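# Results of the structural survey
Each chain, written out:
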Amino acid sequence: MIKLVVSDVDGTILKKGETKVSENVFEAIEKLKSADKTVAISSGRTYGSLENLFAPVKKDLYFICCDGAVIIHNDKVVYCKQIGAGDVMSILRRPEYEDCGIMLCTPKMSYVIRGSEDFSITAERQSGEDTFYIENLYSLKDPIIKIAVWSKDGKAVPLNFLPKSLRISYLSDEWCEYTSAISDKGLAVSDLQMRLYMTKFDTAAIGDGINDIVMMKKAKMAVSANKSYPGLVPVCNYHTDDVAGFLENLCDQ
């Protein structure tokens, strides 16, 4: 019997180009909750972004944010893998990033510590939430769980010598994002299962990309929402083109 349902967002619940979650998905989530299933949303996005996306159904959802760095439930942080102050400073002081914008994410907020006004606008668009400017690292009292480096000139490249305590959680032409090396979606799902007294045999996980594989390995029912990514084939035992429909069908599983 499936008791825990975990779903990725971008590329899974949201298809390319979509910016709003469909009513069908909201209805499926409500039906899962009514069937006594626990629902978790797992994403590289920040909590502020996910909270806005899922506002109509956010009560009682678990949000696995920043690619597994934090879990938030009913606005309370229940799990957090922070980045050490030394690692944060090592990124901020790297000469390669001198002309780059840098955003620091805490469990519930995002802050711009370096960059132009244009970057502040870009950071808000990227995080999906209000992003505040701070003068220095010591202004922050909450743990830092993600460092996002931005450059429209291609300078936000991975460091050649990365501390073992950090990992690259996201990389694109303009962004390079770092989280703790001991945080990923799979570890977060394992922690959530323990908190709920569940195992992989109680779990279904739905995703579309490489960062979802560690999460899918923690589930009896691993569901691919992306036929074009071959890396999911060895770990997935189901595929769906209709995520909302599949979520609703899980009510009877």
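This write-up is about the structure you can find in this document.

Turning our eyes to something else, we now look at the pairing of strand β9 (residues 146-150). Within β9, five of the five residues are buried, leaving the element largely enclosed by the surrounding structure. As paired elements, strand β6 (residues 101-105) and β9 share five bridges and run antiparallel to each other. Residue pairing for β9: Leu104 is matched across the bridge by Ile147. Examined bridge by bridge, β9 and strand β11 (residues 175-180) share four bridges and lie antiparallel to one another. Bridging from a neighbouring strand, Ala148 pairs with Glu177 of β11.

Another aspect to go through is the environment of Gly245. You can see Gly245 is positioned in helix α7 (residues 243-249). By relative accessible area, Gly245 is classed as partly exposed at 21%. Spatially, the C-alpha atom of Gly245 lies 10.0 Å from that of Glu27, the residues being 218 residues apart in sequence.

Considered for burial, the residues of helix α3 (residues 85-92) that qualify are Asp87, Val88, Met89, Ile91 and Leu92. Looking at the buried residues of α3, the elements they touch are β6, β7 (110-114), β9, β10 (166-171) and β11.

This paragraph deals with the pairing of β6. Counting buried positions along β6 gives five out of five residues, so the element sits mostly inside the fold. Covered by surrounding structure in β6 are Gly101, Met103 and Cys105 together with Ile102 and Leu104, the residues of both alternating faces. Connecting the antiparallel pair β6 and β7 is a turn made up of four residues.

So, about the nonpolar core. Soluble globular proteins tend to pack their nonpolar side chains together in the buried interior. By size, the foremost hydrophobic cluster in this structure holds 45 residues, and its most contacted members are Val21, Ile41, Phe54, Leu61, Phe63, Leu247 and Leu250. Among the elements that line this core, the one with the most residues is helix α1 (residues 23-34), at five residues. Counting residues in hydrophobic clusters, the runner-up holds 22 residues, among them Val88, Tyr111, Leu137 and Ala156.

This paragraph deals with the sheet that holds β6. Read from one edge to the other, the open sheet built from six strands follows the order β8-β7-β6-β9-β11-β10, with strand pairing classed as mixed. In this open sheet, the two strands that pair with only one neighbour each are β8 (131-133) and β10. Mean inter-strand twist for the sheet, computed between neighbouring axes without regard to direction, equals 25°. The pairing of β10 with β11 spans five bridges and is classified as antiparallel. When the sheet's bridge partners are listed, Tyr170 is paired in β11 with Glu177.

The rules behind these values
Residues numbered from 1 in each chain as written. Predicted model: local features only at pLDDT ≥ 70, side-chain atom pairs only at ≥ 80, totals over all residues. Heavy atoms only, no water. Buried < 20%, exposed > 50% of the residue type's maximum accessible area, 1.4 Å probe, protein only. Helix = DSSP H or I, 4+ residues; strand = E, 2+ residues; numbered from the N terminus. Pairing = 2+ DSSP bridges. Contact = heavy atoms within 4.5 Å. Core = buried A, V, L, I, M, F, W, Y, C linked by side-chain atoms within 4.5 Å. Axes fitted to C-alpha atoms, helices over the stretch in contact; angles between N-to-C directions.

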